[in-house]
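Each chain, written out:
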Amino acid sequence: MNDSDPTPTDVALVTGGGQGIGAAICHRLGSDGFHVVVNDLATDRAESTAASIVEAGGSASSVVADVSDSAAVNAMFDEIEGTVGVVSALVNNAGIGGNAAIRNVTDEDWGRVLGVDLTSAFFCSRRALDSMREERRGTIVNITSRAWLGWWGQSTYASAKAGMVGLTRALAVEMSSRSIRVNAIAPGLIDTPLLRNRTEEALARLLKSVPVGRLGQPEDIASAVSFLSSERSRTITGQVLYVGGGKSVYAYPDWPDAR
Ligand code: NAP
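So, how was this worked out
Residues numbered from 1 in each chain as written. Predicted model: local features only at pLDDT ≥ 70, side-chain atom pairs only at ≥ 80, totals over all residues. Heavy atoms only, no water. Near = heavy atom within 4 Å. Polar contact = N/O pair within 3.5 Å; in protein donor to acceptor, adjacent residues only side chain to side chain. Areas by Shrake-Rupley, 256 points an atom, 1.4 Å probe, with all protein chains shown as cover. Helix = DSSP H or I, 4+ residues; strand = E, 2+ residues; numbered from the N terminus. Nonpolar A, V, L, I, M, F, W, Y, C, P; charged D, E, K, R; others polar. Buried < 20%, exposed > 50% of the residue type's maximum accessible area, 1.4 Å probe, protein only. Contact = heavy atoms within 4.5 Å. Axes fitted to C-alpha atoms, helices over the stretch in contact; angles between N-to-C directions. Left-handed = near helix turned anticlockwise from the far one by under 90°. Salt bridge = Lys/Arg side-chain N within 4 Å of Asp/Glu carboxyl O.

### Considerations on the site of the ligand
Inspection of the region around the ligand gives 28 residues, with Asp 40, Asn 93, Tyr 157, Ile 190 and Thr 192 positioned closest. Within the backbone of Ile 21, one N or O atom sits 2.8 Å away from an oxygen atom of the ligand. About the coverage of the ligand: the protein hides 90% of its 880 Å² of free accessible area. Elements that contribute at least two residues to the shell around the ligand include exactly helix H1 (20-32), strand E2 (35-40), helix H5 (155-175) and helix H6 (193-196). At three residues, H6 tops the list of elements feeding residues into the shell around the ligand. Along the lines of polarity and charge, the residues of the shell around the ligand split into 14 nonpolar, 10 polar and four charged.

### Focus on the side chain of Asn 183
Within the secondary structure, Asn 183 sits in strand E6 (residues 180-187). With a relative accessible area of 1%, Asn 183 lands in the buried category. A distance of 3.0 Å separates a polar atom in the side chain of Asn 183 from the backbone oxygen of Ile 236. At 2.9 Å, the side chain of Asn 183 forms a polar contact with the backbone nitrogen of Gln 239. Apart from residues no more than four positions distant in its own chain, Asn 183 is found in contact with Ile 140, Val 141, Asn 142, Thr 168, Leu 228, Ile 236, Thr 237, Gly 238 and Gln 239.

### Here's the deal with the packing of helix H3 (residues 70-83) against helix H4 (residues 107-135)
With their axes 9 Å apart at the nearest point, H3 and H4 run at an angle of 35 degrees to one another. Judged by the twist between their axes, the crossing of H3 over H4 is right-handed. For the pair formed by H3 and H4, the contact residues are Ser 70, Val 73, Asn 74, Met 76, Phe 77, Asp 78 and Glu 81 on the first element and Phe 123, Cys 124, Arg 126, Arg 127, Ala 128 and Ser 131 on the second. Grouping the amino acids of the contact of H3 with H4 by side-chain chemistry returns six nonpolar, three polar and four charged.

### Here's the deal with the pattern of salt bridges
On inspection of all chains with the given rule, the structure shows eight salt bridges. Of the charged contacts, one joins Asp 109 and Arg 112 as a salt bridge, the two residues approaching to 3.7 Å between their closest N and O atoms. One end of the pair is Asp 109 and the other is Arg 112, both in helix H4 and three residues apart, which spans about a single turn. Overall, the relative accessible area of 23% leaves Asp 109 in the partly exposed class. Here the residues in one salt-bridge network are Asp 78, Glu 81 and Arg 127, joined through shared partners.

This is how it looks when you write it as structure tokens:
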């Protein structure tokens, strides 16, 4: 440990941390030395992630809130600040998929996906920045998706994730004079329940679009979050880091296997 390593008084909040990528991020930040607050919609999942961090020797607690609800987000921050302290590392990870041709996308689908995948990051960032600004330090990492570059059936999801990139870049500039850094990570195909929510055939077809030919693991995203939430990345802000086996460089469903 050195002077810039986090201590248990440094609080990290991970939204949607009960499973998948979010749970891996919680574990990684816990082993990095943060007190990790695990947010999720489901009490059992949030509590179980927090309990396993504590079992591994880390410090963690849980808070249940729907982060697409502004009042619930403010109440969640009140609870965190009243118990463990102000959040110095925020990870906006909670998200839902949206996979439908535009002719089948309803007004409700649009509102739901934008609400969970984009507006939640605005609500949480706005509130976290109130205290980060005062402390003149902090990091925000937004989990966007490679899909923001465009993909079939992704009009809602890609729009929300593209919005997250805009939010990242705008906040990075707005916060630069306060030593607060804001970055985004764009995962490719990562092996989580969200991805497994597809037929085997659809999954096999998707896999062909990944140049390295394999799914990423939640821990791959967690290690990128660890880097962007630490002093190791102190000169990096406003960036999108792609963690997706080359899918942002070249992604084609019938990619010829030339390996
Ligand atoms: P996941 O396995 O479905 O986990 C997401 C977690 O967030 C779930 O526990 C979910 O609860 C929770 N959540 C959903 N809505 C919430 C809300 N309003 N408030 C609080 N928590 C909420 O998904 P994942 O694959 O780990 O994805 C995590 C992030 O990575 C998402 O932003 C996703 O878009 C992004 N991503 C994933 C992939 C991939 O291949 N897996 C690729 C690119 C980007 P419920 O299950 O109850 O909804």
